[in-house]
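# Working through the structure, step by step
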Amino acid sequence: MKHTLFVLALALGCSKKSSSPPPAAPEPAPEPTASTEPPPAAPTPAPEPVKAEEPAPPPPPKTATATLAPTKKSKSKVTGTISFKEVADGVEVTANIENLKAGDHAWHVHEKGDCSAADAASAGEHFNPAGAAHGAPDAPAHHAGHYGNLTAGKDGKATKTFVMKGITLGDDANSIVGKGFIVHAKKDDLKSQPAGNAGDRVACGVIERAP
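Residues numbered from 1 in each chain as written. Predicted model: local features only at pLDDT ≥ 70, side-chain atom pairs only at ≥ 80, totals over all residues. Heavy atoms only, no water.

## Quick look at the packing of aromatic side chains
Definition in use: To pair, rings of Phe, Tyr and Trp, with the six-membered ring standing in for Trp, must have centres within 6.5 Å; the planes then decide the type, stacked if under 30 degrees apart, edge-to-face if over 60, and tilted in the middle. Put simply, DSSP marks the helices as runs of H or I at least four residues long and the strands as runs of E at least two long, and each gets a number from the N terminus on. Residue burial is assigned from relative accessible area. The probe radius is 1.4 Å, only protein chains are included, and a residue is buried under 20% of its type maximum, exposed over 50%, and partly exposed in between.
Using the criterion set out here, one finds six aromatic pairs in the structure. Measuring from ring centre to ring centre gives 5.7 Å for Trp-107 and Tyr-147, while their planes differ by 80°; the resulting arrangement is edge-to-face. In this pair, Trp-107 sits in strand β4 (residues 103–110) while Tyr-147 sits in strand β5 (residues 146–152), placing the two residues 40 residues apart along the sequence. Taking relative accessible area as the criterion, Trp-107 reaches 0% and is therefore assigned buried.

So this is what it looks like as structure tokens:
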């Protein structure tokens, strides 16, 4: 009897185990979703630094020269050059002259670039665009073409450099380009009107701008 009950109980237990539902299968992992965001943009390269333009060099200063030759009437042998260069406050004038008589000689810019006359009278009077009275170059009133006096040594040579204000080498009314340059036989007394009682014109040249 006990044996029969044991078999019956064992059968019932097996029946209960076989009737229980099987365990649920695991859910599959979700597939990865493709991203709709755009890829990050590549970094923009930094712009190259702009080089500052170098300022253009200033133009060279204007220059001019008068080459002197003796006048026929004076029968002198005076020769030389007068050089001109524009500077900040006027025109730098440099004389290199020879065959002068020892002593002081007037030297002036005249209004016309014409040395054709035997006495150079064709060069006209002093260059004087302002219509000023005759006087020393540093006097309140003076001709723009009046450069005072040039001193020659016993060897007949004279050199001098100074800056003349109020003139130019341009194309304006105060330009001395194209004018005549005269060296006189005597010194300028710096007061007699209209030309300083400077005597004969012993040499003449035309002021020509350098190319």
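## Regarding the side chain of His-110
Put simply, the rule reads: Counting of polar contacts relies on pairs of N or O atoms within 3.5 Å, with two restrictions inside protein: one atom must be capable of donating a hydrogen and the other of accepting it, and residues adjacent in sequence are counted only when both atoms are side-chain atoms.
Structurally, the position occupied by His-110 is in strand β4. A relative accessible area of 1% places His-110 in the buried class. A distance of 3.5 Å separates a polar side-chain atom of His-110 from the backbone oxygen of Glu-125.

## Digging into the state of the cysteines
Threshold: Two cysteine sulfurs form what is called a disulfide whenever their separation falls within 2.5 Å.
Counted under the stated rule, the structure contains one disulfide. Put simply, Cys-115 and Cys-204 are joined by a disulfide, and their sulfur atoms are 2.0 Å apart. The sign of the -70° torsion about the S-S bond sets the Cys-115-Cys-204 disulfide as left-handed. Linking Cys-115 in the loop between β4 and β5 with Cys-204 in strand β8 (residues 201–209), this pair joins segments that are 89 residues apart in sequence. Looking at Cys-204, the relative accessible area reads 5%, which means it is buried.

## Quick word on the pattern of salt bridges
Put simply, the rule is: Salt bridge, as used here, is a side-chain nitrogen of Lys or Arg placed within 4 Å of a carboxyl oxygen of Asp or Glu.
Counted according to the given criterion, the structure contains one salt bridge. We note a salt bridge from Asp-171 to Arg-209, for which the minimum N-O separation is 3.2 Å. With a gap of 38 residues between them, Asp-171 in the loop between β6 (158–164) and β7 (180–184) and Arg-209 in strand β8 connect regions that are remote in the sequence. For Asp-171, a relative accessible area of 75% puts it in the exposed group.

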